[in-house]
Amino acid sequence: MELFVFVVAAAMVLGGAVGVVLRSHPVHAALSLVLTLFGVSVLFVAQEANFLAAVQVIVYAGAIVVLFLFVIMLLGVDKVEDLQIEPFKIQRPAAVAVGAGLLSLISMAIIVARDANAPTVTPSDAVQAALDGSHDNNIRAIARDVFSDHVLAFELTSVLLVIAVVATVMLARKPRKGETT
Amino acid sequence: MLALDVLLDDLSFRAILIIIIKVLVIFVVGLVGTMLMVWFERKVIAFMQNRIGPDKAGPKGLLQTLADGIKLFFKEDLVPDKGDRFVFKLAPYLAFVPAFLVWSVIPLGGDFSNGKDGTVQILGRATKLQLADPPVGVLMLLALSSVAVYGIMLAGWSSGSKYPLLGSVRASAQMVSYEAALGLSLATVVLIAGTLSTSGIVASQTSFSRWHVVATGVLPFIIFLVAATAELNRPPFDLVEAEQELVGGFNTEYSSIRFALFFLAEFMNTITMSGVIVTLFFGGPQPLPIGNYENVLSFLGPLSGTVWLLLKVLVFLYIYVWFRATLPRLRYDQLMNLGWRIMIPLSLGWFMLLAAFRIGKDEGWSRWYVLAGGIAVIGLGSSLLQRAGKVSARNREREGAMF
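Residues numbered from 1 in each chain as written. Chains lettered and ligands numbered in written order. Predicted model: local features only at pLDDT ≥ 70, side-chain atom pairs only at ≥ 80, totals over all residues.

A. Broad picture of the overall build of chain B. Within chain B, the secondary structure is distributed over 13 helices and two strands. Radius of gyration (C-alpha) of chain B: 23 Å, near the 22 Å computed for a compact globule of 403 residues. Looking at chain B residue by residue over its 403 residues, the buried ones come to 43%. In chain B, 76% of the contacts between residues at least 6 apart in sequence involve partners at least 24 apart. (Helix = DSSP H or I, 4+ residues; strand = E, 2+ residues; numbered from the N terminus. Rg over C-alpha atoms; globule rule 2.2 N^0.38 Å. Buried ≥ 20, exposed ≤ 12 C-beta atoms within 10 Å, placed from the backbone. Contact = placed C-beta atoms within 7 Å.)

B. Quick look at helix H5 (residues 162-193) of chain B. Residue and element names in this part refer to chain B. The end-to-end C-alpha distance of H5 is 46 Å, a good match for the 46 Å that 32 residues give at a rise of 1.5 Å each. For H5, a buried count of 24 out of 32 residues is recorded, marking the element as mostly surrounded by other parts of the structure. Downstream of H5 by one or two residues, glycine 194 has phi in the positive range, about 75 degrees. (Expected span 1.5 Å × (residues − 1).)

C. Representation of the nonpolar core. All names here are of chain B. Counting 117 residues, the largest nonpolar core has Phe224, Ala227 and Ile277 as its most contacted members. Ranked by the residues each element gives to this core, the list is headed by helix H4 (residues 137-158), at 16 residues. With residues near it in sequence (within four places) discarded, alanine 227 still touches Tyr178, Ala181, Leu182, Ser185 and Met343. (Core = buried A, V, L, I, M, F, W, Y, C linked by C-beta atoms within 7 Å.)

D. Broad picture of the packing of helix H3 (residues 50-75) of chain A against H4(B). Direction vectors running N to C along H3(A) and H4(B) enclose 20 degrees, while the axes themselves pass 8 Å from each other. The orientation of H3(A) with respect to H4(B), classified from their angle, is roughly parallel. Considering how the two elements wind past one another, H3(A) and H4(B) form a crossing that is left-handed. For the pair H3(A) and H4(B), the contacting residues are Ala54(A), Val55(A), Val57(A), Ile58(A), Ala61(A), Gly62(A), Ala63(A), Val66(A), Leu69(A) and Met73(A) in the first and Leu139(B), Met140(B), Leu142(B), Ala143(B), Ser146(B), Val147(B), Val149(B), Met153(B) and Trp157(B) in the second. (Axes fitted to C-alpha atoms, helices over the stretch in contact; angles between N-to-C directions. Parallel < 35°, antiparallel > 145°, perpendicular 65-115°, else oblique. Left-handed = near helix turned anticlockwise from the far one by under 90°.)

E. Broad picture of H4(B). An ideal rise of 1.5 Å per residue puts 32 Å on 22 residues; H4(B) measures up with 32 Å between its terminal C-alpha atoms. Of the residues one or two after H4(B), Gly160(B) is the one with positive phi, at around 65 degrees.

F. Looking closely at the interface of chain B and chain A. Contact with chain B, which involves 23 residues of that partner, is made by 24 residues of chain A. For the side of chain B that touches chain A, the element with the most residues is H4(B), which contributes nine residues. Grouping the amino acids of the side of chain B that touches chain A by side-chain chemistry returns 18 nonpolar, three polar and two charged. (Nonpolar A, V, L, I, M, F, W, Y, C, P; charged D, E, K, R; others polar.)

G. Focus on the confidence of the model for chain B. Residues and elements named next belong to chain B. Averaged over every residue, the pLDDT of chain B is 81; the share at 70 or more is 90%. Of all the helices and strands in chain B, strand S1 (residues 119-122) carries the lowest mean pLDDT, 66, while helix H8 (residues 219-232) carries the highest, 89. Here the complex is predicted with pTM 0.82, and the ipTM for its interfaces comes to 0.76. (pLDDT = per-residue confidence, 0-100.)

H. Summary view of unusual backbone geometry. Residue and element names in this part refer to chain B. In this structure, the amide linkage connecting proline 235 to the following residue, proline 236, adopts the cis form with an omega of 5 degrees. The topology assignment puts proline 236 in the loop between H8 and helix H9 (243-246). Unlike most non-glycine residues, lysine 60 shows phi in positive territory, near 60 degrees. Note on placement: lysine 60 falls in the loop between helix H1 (13-48) and helix H2 (64-73). Positioned with a positive phi, valine 218 is a non-glycine residue whose angle comes to about 60 degrees. Looking at where valine 218 falls in the secondary structure, it is placed in the loop between helix H7 (212-215) and H8. A count of 13 C-beta atoms within 10 Å places valine 218 in the partly exposed class.

Structure below.
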């Protein structure tokens with residue numbers, strides 16, 4: 001049962017990911033991304049991370065990709081891209097290098113993880129404590145981890161997001177008459 | 001591993017049979033309910049407007065929807081030339097499926113009195129009158145409502161025509177905006193109930209004063225009702241298909257069975273949303289005590305919960321029809337102002353206030369100090385927001401924008 005779910009979900013994730021790269025139409029690529037996100041969400045459920053699965057769908061599929069589609073539709077860039085044109089000359093070699101690096105990194109991680117017998121990831125104390133409680137332990141574990149051990153990083157991330165929003169508004173704002181930017 | 005139901009612990013024949021029965025009942029009742037809802041809406045609106053409404057097909061016109069459905073089946077199915085064929089065909093299903101899936105997490109009955117958890121006996125097995133009871137049921141509602149955007153959005157875009165595109169751009173902006181207010185008012189319910197599971201939320205609303213509409217202080221319920229109406233794209237928030245401006249909105253190019261699916265999804269969503277509101281704020285299948293009677297419908301035995309749910313849902317269906325008959329449509333800028341400037345700050349402020357009360361109770365602070373502090377912070381925040389709004393309005397006027 002678990003293997004079956006994994007195979008189906010993995011096929012969704014990989015198929016979607018390949019689709020994002022290969023579909024020449026931006027809307028189709030965005031829809032493939034949705035497929036990938038749903039696959040990841042199914043994998044989360046299979047790992048009993050129900051909360052993460054729901055948040056994955058709400059935030060990524062429900063908000064972020066909707067905004068992608070919104071921008072694609074609003075700006076009218078829903079045309080087929082010409083892959084012959086390379087906007088920045090260094091882009092493609094750099095992409096190949098980064099891709100190869102990432103691939104080797106992930107394969108190394110898998111090889112190391114296979115050789116090691118003990119689980120390589122140990123949950124933090126807060127997570128372990130929360131997991132011992134029975135009810136809604138998913139949410140409790142995440143909340144304790146985020147709001148106790150990693151509260152500084154969490155708050156800094158939210159500050160970063162606010163800065164990004166304010167900066168976007170400032171950049172998009174037209175300068176007033178008689179004002180130079 | 002994947003067990004979401006008490007039943008699924010062993011996959012015996014009887015367990016699977018019960019699940020299949022549940023799925024079938026929900027699907028069939030959902031479809032028939034949608035059919036009756038269309039009739040109900042047309043009839044009630046007709047009475048409100050001094051008309052008779054549909055009365056030819058079947059007794060009191062009850063079969064009118066069925067007749068319309070059969071008619072739609074036999075109509076020509078068009079796919080626009082300029083459109084995107086695959087997405088055009090996919091979109092109606094994306095609109096239709098989430099509307100049904102929501103029912104899987106709504107408790108449809110069962111006995112929640114005296115701290116029971118709503119389990120009943122079917123075929124000699126203990127089960128809940130609910131298809132699935134995941135620990136994150138409420139989030140599943142939100143996830144499905146955010147997925148429902150895709151159907152409308154892609155339908156408008158893939159039609160390859162400008163009015164549907166305008167409709168779907170409006171739809172996506174509207175639904176994404178109001179989802180925030182929806183989520184924040186729902187968060188107050190979760191805060192009070194202390195659980196994310198839908199059956200847990202129902203079980204925590206044991207008496208009228210503990211129904212979340214009272215326990216969260218009415219305001220989250222009002223915000224939820226307004227935001228839900230906007231999510232449904234129902235009047236007065238039906239800019240998505242404003243027929244005076246956009247021909248028919250996102251579904252202009254659709255015909256035949258695909259149009260029927262959108263139509264069905266819209267009415268199904270209305271019923272679904274009423275069910276969600278009843279579950280979250282009005283105790284779902286919990287009985288309403290009248291006078292000395294704990295449960296006036298107790299003679300119905302185990303079915304009384306389901307009947308209570310049905311009665312409560314009917315009230316909200318009537319309210320939705322009432323909205324449609326009475327309220328004029330909002331302008332687009334009014335819609336966005338209402339969403340971003342009023343509903344989101346208000347629901348956020350209320351949520352923080354309730355959270356402060358909870359912390360105050362744990363820490364032993366005086367309730368009045370918490371209230372005074374909360375009001376001061378909310379007042380400060382709203383005056384800052386007012387000022388920001390004024391400044392931006394002045395800037396816009398200077399730049400000569402439309403609104």
